[in-house]
Every structure is written in structure tokens, then in C-alpha cells.
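Structural overview for review
This is what each chain is made of:
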Amino acid sequence: MTTRPRLREKAQVLDDAALDRALTRIAHEILERNGGAKDLAFVGLRTRGVTLAHRLAAKIAAIDGANLPVGTLDITLYRDDLDMRGAPVVRGTDIPFSIKNKAVVLVDDVLFTGRTIRAALDALIDLGRPLMIQLAILIDRGHRELPIRPDYVGKNLPTSRRESVAVRLREHDGEDRVVIEEPEEA
Amino acid sequence: MGWTRKDLLSIRELDAAEIVLLVETAASLQEIAGREIKKVPALRGKTIVNLFYENSTRTRTSFEIAGKWLSADVVNFSAGGSSAAKGESFIDTARNIAAMSPDVVVVRHASAGAAEILARTLPCSIVNAGDGAHEHPTQALLDLLTIKEHKGHFEGLSVAIVGDITHSRVARSNIHGMRKLGMTVTVAGPPTLIPPFVQELGVKVAYRLEDAIRDVDVIMMLRLQQERMSSGLIPSLREYSRYWGLTLDKLRAEARPDVLIMHPGPVNRGVELSPEVADGPYSVILDQVAKGVAVRMGVLLLLAGARGEAA
């Protein structure tokens, strides 16, 4: 086990109300952009992307009445840095519907280098040929290493590389909050 | 916790958390078998050599499929068509194969300890695919995964392992794994096929089939190797099958209605299992085989997917 430096909270970026408003806005944007909920499906990236995908699906159900399917994607088997990370931990992909000819909205909490999304695109396309893939992100923190751009963004957040962004969600962390953290004694 | 071992040589050397990690990794890889495109890029560029000195259908094939579904290059070596037939020693053959820089060597050999010798000699990861009467860890892992999926948990389950316990590496690996996971194990068979001091592994012994299978959650029938008869350990196949063969009548009379019947294969139909039992509703034998691929993917992924600081 590598010991990571202890992190301390530097600033709060979103509180629970702001996080909820951002998701409501993204839900509306998804419906607007796709002209409704027809043939839409959500696929969340483990772990918090899945939770956010379920919340977006609930928002769309409230706005439009459509019950959109939500799948879970684990990208461990597609990472480009498997060799650098110690033993992989696979937690499984579970997409119980066909993505063929669906407009799939990929959901993750933080967009950083773009490498996770690159892996997710490969993983998704191995499961079938979707009509299109769109990307919804709660926090875009910049520093892209690949030509990847989100379609829906909760908040753009300029950060430095040594900082990290923690998305805390009720279902996992008991609170809805986004904070920037930095290493202690740096 | 993560995986930190270079090799998988036995279940005995693992702790419960490592066994659970292997089973859970395999469980989450099962979904790949149902895909339209059965391939993920996790082990792209890795080379896996299957080094088999004994016959095998299930194990070799499932290691090969597992490696290929993970995008590794898989090479099969069987002793028959190789320089081993010209008298090259086991270690020399292995060193030559190692010189071709494989990432994982999967080895099956008739001698107990063969995998361990390779692990000490070669720099790559070694998977024991069966060494003599010692261990067969991936078989035990797929048995455990099958049990987990049908019963939902391990702790407190009771298992009867029936047949030739003395010569069975499957029995030995399963006994170690099941005991570590909190299961109760009873071994049963003719006294000539029960090793002395087997109780020291933490198992109970029964000398009647009916006593062994009463009220257990799982019955694991072992293959009777026909050569045991010529060596005088059992009087005749017919007698063995009369006393130790599992039939529908015996099952209905003694076993629980939700019992699982397992068998590592290949089945001697009409000897240790009657065909109605082998193909019957309690049997999960083919499910075991399907899970074998997922288990071997999990093992290969954990061994070859992590050549970083942890390995």
C-alpha cells in the first residue's frame, strides 16, 4: 500500500443546494439537446458517476415522466495505466439493457486528464454500437491530456494539479458537497 | 486490500481475504461471457504459456479462453509433442520457455511441488494448474464461486467431499479454502482412499455415503480414477459404485432438498454419479465449468495486471 499525503480541505465549491441545482440544469439540458427523452440511456462510471446517473434519471422522470435505464460501467479492464497501479480491483460492469442505437449519456463526477473517459468510451463501444455518446460531468477541473470535451458540465473549476477535487454524495459520504483539497505540509 | 503475490501455488498459502478477493474478482468478470464481443484489453501485450505435462480438457481450455478474452497472447505447450518427449528435463524446458519472456506460466504436472519449483526458478508469475496429489487452486476457487452464487455466503455452510480423498488435489485445495472461509467439511470414502490423519486438516470423516450427505449444503463427488482398482485400493468398480455412487434414491432418502451436487469432472457416469444425478436439478456441474473461465481470468488479471510497485 502506498501512503498518500494527508489532504486538508481548502475550499468548498458546491453545497447541497448548488449541487442539486447543477443536476437539475443538466437534466434540462439533456432533454433540450436531445429533443426529449426518447432513446436516451444513462451509464454511470463507478462509483459516484453511477449515483449521479441515478439522480439525473430521477430528475428526468420528474420533468418528463420518462423512466430512463441506468447502467454501471467499470473501466478497470480498459485502463491505460494498469501496469502502474498495483493489483487491479475489478468491481464489474452491469448494463442490463442494449445500448445499440441508444443515445448514451456517460456520467462521471470529476473530469480531469480525460483518460478515464477514453477508457470508458472503449468499454462502452465493446458492448455494442450506440447511436451517440454524450458526456455529463459534475466538475470539470481542467488539465486534459486527451482531446475529450464534456457535453454537460455542473461547474468548471480551475485547479492546480497538486490539488484534488472531492465530490461527496449522500449515498456514500452522508453529505452532498464538493470541496477542493490540497496536501498538508506541501 | 490488494493482491501482492507473484504466484498462485496453493490455497493453503492464502488467507481468507485473498480467497475472497479472487472469488469476487472472478464474479465481476463473469459478465464478459455474455457479451457480444467477448474481449477486453486488460492484458494486451502480455504472454501466457500453458505448460501442461498431464492431460486436461477443462483446465487447459479455460485458461486459454480466459487469457484470450483478456487480450493476452496464449501459447499452449503439451508434453506430448515437445522436446520433453526427447528427454529434456522439466527445469530445462521451463528455463527455455522463460527465456522467451512470458508474463505468466500456467503449469500442470504429475509431481507435487512442480509449480513451486518453477516459482523459485523463473522470474515470471506461476499459476499451479494441478500438481500431483497436492493442490489445484483454481478448481477450488471456481468451486467456491459456484457455492457463493448458489448459496449467497460461505460462513456456516457444510460440505461433504466424497470419493478418493487420498489422491485428490481438488479435495485438498477445497478443504483448505472451505475451512478458511468458515465452512464445515466432511470427507467420505472407502478407508483405503482416506488419508491417515486427515482430521488434522480440520475435517470430519465418514465411512458411509449416507452419513456424509445427510443435511449438508453441498455434496462434492470426486472422480474415481480407474487405476485405483488395479492398485488394489478398491475391490471392484461395481462394489464402489454400489456403496459410494450417488443415485437419485440415496439423494432423496438422505439429502436436503436444496443440496448442490458438484463434480470437478470428468464424470464417470454410473460409477460415482448416476446419470440422473449428474444431469439432474441438483447438479451445478456445467455451471462450475462456466465459472472456471471467470476464475482463471481473475487469477491471470491479478497476477499479470499488476507488475507495478505492488508486485
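All of these numbers come straight from a predicted model, not from anything done at the bench.

Residues and elements named next belong to chain B. On the basis of which strands lie adjacent, the open sheet formed by 5 strands has the order 7-6-5-8-9 and parallel pairing. Only two strands of the sheet have a single neighbouring strand rather than two, namely strand 7 (204–206) and strand 9 (260–262). When the angles between neighbouring strand axes are averaged without regard to direction, this sheet yields 20 degrees. Where strand 5 (residues 158–162) meets strand 8 (residues 218–221), 4 bridges bridge the pair, whose relative direction is parallel. In the strand pairing of strand 8, Ile161 is matched with Met220. This element, helix 6 (residues 169–180), spans strand 5, strand 6 (184–188) and strand 8 of the sheet and lies at about 155 degrees to strand 6.

For the rest of this paragraph, the subject is the domain arrangement of chain B. Residue and element names in this part refer to chain B. Per the domain assignment, the segments making up chain B are domain 1 (16–135 + 292–304) and domain 2 (137–288). Of note, the centres of domain 1 and domain 2, computed from C-alpha atoms alone, are 26 Å apart. If you list the elements that add at least two residues to the side of domain 1 that touches domain 2, you get helix 1 (16–29), strand 4 (125–131) and helix 12 (285–304). No other element matches the 6 residues that helix 1 contributes to the side of domain 1 that touches domain 2. Partitioned by chemical class, the residues of the side of domain 1 that touches domain 2 number 11 nonpolar, 5 polar and 4 charged.

This brings us to the nonpolar core. Counting residues in hydrophobic clusters, the biggest one holds 151 residues, and the most contacted among them are Leu56 of chain A together with Val105, Val162, Ile219 and Leu300 of chain B. For this core, the element with the highest residue contribution is helix 12 of chain B, accounting for 11 residues. Per-domain counts for this core show at least three residues from each of domain 1 (16–135 + 292–304) and domain 2 (137–288) of chain B. Those residues in contact with Val105 of chain B, other than ones at most four positions away along the chain, are Val49, Leu51, Ile97, Leu118, Leu122, Cys124 and Ile126 of chain B.

Let's shift gears to the packing of helix 1 (residues 16–34) of chain A against helix 2 (residues 48–64) of chain A. Residues and elements named next belong to chain A. Between helix 1 and helix 2, the shortest axis-to-axis distance is 9 Å and the interhelical angle comes to 65 degrees. Handedness of the helix 1/helix 2 crossing: right-handed. Along its contact with helix 1, which presents Leu23, Thr24, Ile26, Ala27, His28, Ile30 and Leu31, the element helix 2 presents Arg55, Leu56, Lys59, Ile60, Ile63 and Asp64. Its residues assigned to classes, the contact of helix 1 with helix 2 comprises 8 nonpolar, 2 polar and 3 charged.

Moving on: the sheet that holds strand 4 (residues 103–111) of chain A. Residue and element names in this part refer to chain A. Across the sheet, 5 strands lie side by side as 3-2-4-5-6; this open sheet has parallel pairing. Of all strands in the sheet, those with a lone pairing partner are strand 3 (70–73) and strand 6 (152–156), marking the two edges. Across the sheet, the axes of successive neighbouring strands diverge by a mean angle of 25 degrees, strand direction being ignored. Taken together, the 4 bridges between strand 5 (residues 132–140) and strand 6 define a ladder with parallel strand orientation. Within the sheet, the bridge partner assigned to Asp140 lies in strand 6 and is Asn156. Across the sheet, helix 1 touches strand 2 (40–45), strand 4, strand 5 and strand 6, and the angle it forms with strand 6 is around 150 degrees. The strands that helix 2 touches are strand 2, strand 3, strand 4 and strand 5; relative to strand 2, the one it contacts most, it runs at about 155 degrees.

On to the packing of helix 2 (residues 58–69) of chain B against helix 12 of chain B, then. Packed helices, taken two at a time, are described by the angle between their axes plus the distance between the axes. All names here are of chain B. Put simply, helix 2 and helix 12 touch, their axes get as near as 8 Å, and they point 55 degrees apart. Classed by the angle they form, the pair helix 2 and helix 12 counts as oblique. Regarding helix 2 and helix 12, the two cross each other, and that crossing is right-handed. Contact residues: Arg58, Ser62, Phe63, Ile65, Ala66, Gly67 and Trp69 in helix 2; Val289, Gly292, Val293, Arg296, Met297 and Leu300 in helix 12. Looking at the contact of helix 2 with helix 12, its residues break down into 8 nonpolar, 3 polar and 2 charged.

What counts as what
- Residues numbered from 1 in each chain as written.
- Chains lettered and ligands numbered in written order.
- Predicted model: local features only at pLDDT ≥ 70, side-chain atom pairs only at ≥ 80, totals over all residues.
- Pairing = 2+ DSSP bridges.
- Helix = DSSP H or I, 4+ residues; strand = E, 2+ residues; numbered from the N terminus.
- Axes fitted to C-alpha atoms, helices over the stretch in contact; angles between N-to-C directions.
- Contact = placed C-beta atoms within 7 Å.
- Domains from an automatic or database assignment.
- Nonpolar A, V, L, I, M, F, W, Y, C, P; charged D, E, K, R; others polar.
- Core = buried A, V, L, I, M, F, W, Y, C linked by C-beta atoms within 7 Å.
- Buried ≥ 20, exposed ≤ 12 C-beta atoms within 10 Å, placed from the backbone.
- Left-handed = near helix turned anticlockwise from the far one by under 90°.
- Parallel < 35°, antiparallel > 145°, perpendicular 65-115°, else oblique.

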